[in-house]
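Topology and contacts: notes
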Amino acid sequence: MEWASTTLAFYGLGAAALATSLVTLRRRLELSKAKHRTLTGHARMARRVAALVPFYDYDERRFFCSDDAPEEVAARRRAGFERLAALYDARFAETIRRTAEATDGISDLQFTDAYRVPFQYGRLVRQHLKSAAFVQSSAGVMLTDLDGNQLYDLTGSYGVNVLGYDFYKQAIARAVERVGELGPVLGPYHPVIADNVKRLKALSGCDEVSFHMSGTEAVMQAVRLARYHTRRSHLVRFCGAYHGWWGDVQPGIGNPLPAHETYTLKDMSEDALRVLRTRRDIACVLVNPLQALHPNASAPTDSSLVDGARSAHFDKDAYADWLERLRAVCTEQNIVLIFDEVFVGFRLAMGGAQEYFGVRADLVTYGKTLGGGLPIGVVCGRKHLMKRFRDDRPADVCFARGTFNSHPYVMAAMNEFLRYLETPRARELYRDLDRTWNERAQRLNGRLREEALPVEVANMSSIWTVRYLRPSRYNWMLQYYLRAEGLALSWIGTGRLIFSLNYTEADFQAVADRFVAAARSMQRDGWWWHDPAATNTSIKRRILKEMIAHRLSPKRDCAQPR
């Protein structure tokens, strides 16, 4: 009898263990299904694969015919490349010289210089089409470099420049006058901060505000507060989204260590919602509204533009519906919903993405856009989530410190920005914003189609990206033709064009003319020739063969396999 009881107990334990294993397996399968099928959706695998990619580059002959273009086409490309190089050397001489002098001592410039184009082409490009990182002045929508060249600004200061540089220069000047008597006193507050808090609460619809030194720090604090109040460990980010450079939100390539408490899920996916409903370790969900322009894809950059597969399409209604469903699940499961508006804040609407999409978050982060031209990070949130201590546990606190978090000059410049948003002029600027920028994109695309140029733009209001309509290994060359036409781009090239809202119709018309001229020149020089049998898939397969060949035999010329 005793033996039978023992046997039954073991069977019971075994059954319980099996049931637990099956539940764990089901949860793992659900999580796997909620990840995007690409490497972008599998952070650990992406890091492993990236570590295996070998370096190799093309010699001068192969550079112009890596797609096996005919000799005549390769000769046209070479001639166009040489013309561009001569133009750059003559037009940007002093700016290039100063950039070269500074690059040796600035690691940021070394990084951006190395990753402007696919690495196979980098050596020859850096040798002949040198980058120019310095500018002397700004006015209107123009930047002037050290050689006196005036360029239409499409960099947008990486999203900061919403209202135009003239506004920010004036805001900073007025800010210095307002707080100059106090100066850079840190710790105590200048009275202007009280007005900032009142206005931020009204704009964000939140109860409290905290100030930080950057957008990355603001996101870090928002996540920390969510973990503190939910007593849960994991954050959810969506595939391809950028939330700053710290480890938990950048778990894949670029992070030296894996992020163990981060789930990267598919954006706009029922599978992702299922994971949110069934897991009990999720503290918060991070949303970067910019992803609506390219769901589940990383920020587009010309350094990875090896074919014509870049995609982008913005459907406001579809994304708003997704956010509403996400909001409902987060509310149901007591998960903190965080809108990361560091990039899009106050660009889409006066009330940011919350107003634009009609969905309220629990915590909202803003960045330098809010600083009136000076650096800042801000967290706005519901009262119970912003508290950094527990009344009944005096040693249980949530730290967040920073020396310059409320610098008087920054606070005064922020106040200038916030006050401007309430003026009739600002309201007029935001009126019909989508219609204005959508029509501009449509007009440019119409001109490109009329001239049979294999390129188009997609936009999310004043944030644009360039799409390529032809499989080509040389689409990244367009950035150099655009610069030659007097358009200033950020180091990521044609992946993101950011217009300030003070662009007039005349300004935009000039940009459109130059864009079309650049595309026309690129086509004339043969960069968009392609084998009719080539596809984006076949191009990627060929590059994979090159990588494998070089990995197996580093001294071999790897550009040859087909």
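You'll find the structure just up there.
Below or above, wherever it landed, is the structure these notes cover. All chains use their own residue numbering, which begins from 1 and follows the written sequence. Thresholds applied to this predicted model are a pLDDT of at least 70 for local features of residues and 80 or more for the giving and counting of side-chain atom pairs; totals over whole chains, interfaces and linings are not thresholded and use all residues. To obtain the side-chain values, all non-hydrogen atoms of the structure were used and water was disregarded.

Remarks on the overall build of the protein chain
Note the threshold: Numbering of helices and strands starts at the N terminus; helices are DSSP runs of H or I of at least 4 residues and strands are runs of E of at least 2. This radius of gyration counts C-alpha atoms alone. The globule rule is 2.2 Å times how many residues there are, raised to the power 0.38. Exposure categories follow from relative accessible area, calculated using a 1.4 Å probe and restricted to protein chains: below 20% of the type maximum is buried, above 50% is exposed, and the middle band is partly exposed. Residues are treated as being in contact if the distance between any of their heavy atoms lies within 4.5 Å. All accessible-area figures derive from a Shrake-Rupley calculation using a 1.4 Å probe, and residue coverage is judged against the displayed protein chains alone. In this tally, Asp and Glu contribute negative charge and Lys and Arg positive charge; neither His nor the terminal groups of the chain are included. Taken as the charge centre is NZ of Lys, CZ of Arg, CG of Asp or CD of Glu, depending on the residue.
Within the protein chain one finds 20 helices and 16 strands. At 26 Å, the protein chain has a C-alpha radius of gyration in line with the 24 Å of a compact globule built from 562 residues. By its C-alpha atoms, the protein chain is 90 × 75 × 45 Å across when sized along the principal axes. Burial status across the protein chain gives 53% buried among its 562 residues. Considering only contacts in the protein chain between residues 6 or more positions apart, those separated by 24 or more positions represent 76%. Carbon and sulfur atoms make up 55% of the accessible area of the protein chain, which amounts to about 25900 Å² in all. Across the protein chain, the centroid of the 77 positively charged side chains sits 4 Å from that of the 63 negatively charged ones.

Observations concerning the pattern of salt bridges
Applied cut-off: A pairing counts as a salt bridge when a side-chain nitrogen of Lys or Arg comes within 4 Å of a carboxyl oxygen of Asp or Glu.
Evaluated as defined, the whole model comprises 42 salt bridges. Linking D166 and K169 is a salt bridge whose minimum nitrogen-to-oxygen distance equals 3.9 Å. With a gap of 3 residues between them, D166 and K169 both fall in helix α8 (residues 165-179), about one helical turn apart. Residue classification places D166 among the partly exposed positions, given a relative accessible area of 31%. By relative accessible area, which is 42% here, K169 ends up partly exposed. K198 is the salt-bridge partner of D195, the closest N and O atoms lying 3.5 Å from each other.

What about the side chain of R390?
So the rule is basically this: Throughout this description, a polar contact denotes any pair of N or O atoms lying within 3.5 Å of each other; where both atoms belong to protein, one of them has to be capable of donating a hydrogen while the other can accept it, and for residues adjacent in sequence the pair is counted only when both atoms sit in side chains.
Within the element layout of this structure, R390 appears in strand β11 (residues 389-390). Taking the relative accessible area as the measure of exposure, R390 reaches 13% and is therefore buried. Of the polar contacts made by the side chain of R390, one reaches the side chain of D396; its length is 2.7 Å. Once you skip the residues sitting within four places of it in the chain, R390 turns out to touch Y228, H229, R231 and D396.

Describing the packing of helix α11 (residues 270-278) against helix α12 (residues 316-332)
Between two packed helices, both the angle of their axes relative to each other and the distance between the axes serve to describe the pair. Applicable threshold: Angles run from 0 to 180 degrees between N-to-C directions of axes, and those axes are lines fitted to C-alpha atoms, restricted for helices to the stretch in contact. Each angle gets one of four labels, with under 35 degrees taken as roughly parallel, over 145 as roughly antiparallel, 65 to 115 as roughly perpendicular, and the rest as oblique. When the near helix sits turned anticlockwise from the far one by under a right angle, the crossing is termed left-handed; a clockwise turn instead gives a right-handed crossing. Residue classes follow a fixed rule: Ala, Val, Leu, Ile, Met, Phe, Trp, Tyr, Cys and Pro count as nonpolar, while Asp, Glu, Lys and Arg count as charged, and any other residue, Gly among them, counts as polar.
α12 packs onto α11 with a crossing angle of 10° between their chain directions and a minimal axis gap of 9 Å. Comparing the axis directions of α11 and α12 gives the class roughly parallel. Viewed along their axes, α11 and α12 form a crossing whose handedness is right-handed. Between α11 and α12, the contacting residues are E270, A272, L273, L276 and R277 on the first element and W322, R325, L326, V329 and E332 on the second. Here the contact of α11 with α12 is built from residues that sort into 6 nonpolar, no polar and 4 charged.

What about the nonpolar core?
Here is the rule: Residues belong to a common nonpolar core when they are buried Ala, Val, Leu, Ile, Met, Phe, Trp, Tyr or Cys residues joined through side-chain atoms within 4.5 Å.
If you look at the biggest cluster of nonpolar residues, it comprises 130 residues, and the most contacted ones within it are L326 and L478. The greatest single-element share of this core, amounting to 9 residues, is contributed by helix α19 (residues 505-524). Excluding residues that lie within four positions of it along the chain, L326 makes contacts with F238, L273, L276, V285, V287 and L337. Counting 19 residues, the second largest nonpolar core, distinct from the first, contains L235, I338, M386 and C398.

Some thoughts on a nonpolar patch on the surface
Rule in force here: Each patch is assembled from residues with relative accessible area greater than 30% and no salt bridge, linking like charges that lie within 9 Å and nonpolar side chains (Val, Leu, Ile, Met, Phe, Trp, Tyr) that lie within 5 Å.
Nonpolar side chains collect at one region of the surface, where L39, M45, V49 and V53 lie side by side and expose about 290 Å² of accessible area between them. Mapped onto the elements of the fold, M45 is located in helix α2 (residues 43-52).

Focus: the pairing of strand β6 (residues 262-265)
Side chains on a regular strand alternate between the two faces of the sheet. Convention followed: At least two bridges found by DSSP between two strands are what make those strands a pair.
Judged by which residues are buried, β6 turns out to be covered on both faces: T262 and T264 on one side and Y263 and L265 on the other are all buried. Relative to β6, strand β5 (residues 234-238) is paired through 4 bridges, and the arrangement is parallel. Its bridge partner being in β6, R237 is matched across the sheet by T264.

Here's the deal with the sheet that holds strand β13 (residues 455-460)
On the basis of which strands lie adjacent, the open sheet formed by 3 strands has the order β13-β14-β16 and antiparallel pairing. The two strands at the open ends of the sheet, each matched to only one other strand, are β13 and β16 (497-498). Examined bridge by bridge, strand β14 (residues 463-468) and β16 share 2 bridges and lie antiparallel to one another. Considered in β16, the bridge of I463 is made with I498. Packing against the sheet, helix α17 (residues 433-450) makes contact with β13 and β14, and its axis sits at approximately 175° to β13. Sitting on the sheet, α19 is in contact with β13, β14 and β16, with an inclination near 145° to β13.

Quick notes on α19
Here is the rule we go by: To estimate how far a helix should reach, multiply one less than its number of residues by 1.5 Å.
Under the 1.5 Å per step criterion, the end-to-end length of α19 is 28 Å for 20 residues, consistent within 8% with the ideal 28 Å. Directly beyond the C-terminal end of α19, a positive phi value near 85° is found at G526.

A closer look at the packing of aromatic side chains
Selection rule: Within 6.5 Å between ring centres, the rings of Phe, Tyr and Trp (the latter by its six-membered ring) count as paired, and their orientation is classed by plane angle as stacked under 30 degrees, edge-to-face over 60, tilted in between. The criterion is that NZ of a Lys, or CZ of an Arg, lies within 6 Å of the ring centre and within 35 degrees of the ring normal, and then a charge sits over that ring.
All chains considered together, the criterion is met by 35 aromatic pairs. Here the aromatic rings of F314 and F357 are separated by 6.4 Å at their centres, their planes lie at 80°, and the arrangement is edge-to-face. Residue F314 is located in the loop between β7 (282-287) and α12, and its partner F357 is located in helix α13 (residues 352-357); the two are separated by 43 residues in the primary sequence. Note on F314: relative accessible area 17%, which makes it buried. An angle of 40° between the planes, with centres 6.2 Å apart, marks the rings of Y474 and W476 as tilted. Here Y474 matches W476 in class, with each residue buried. One aromatic cluster is present, formed by F55, Y56, Y58, F63, F64, F81, F119, Y121, Y474, W476 and W527 through successive ring pairs. The ring centre of F134 lies 5.9 Å from the NZ or CZ of R98, which sits over that ring. A cation over a ring is seen here: R483 above Y480, with NZ or CZ 5.6 Å from the ring centre.

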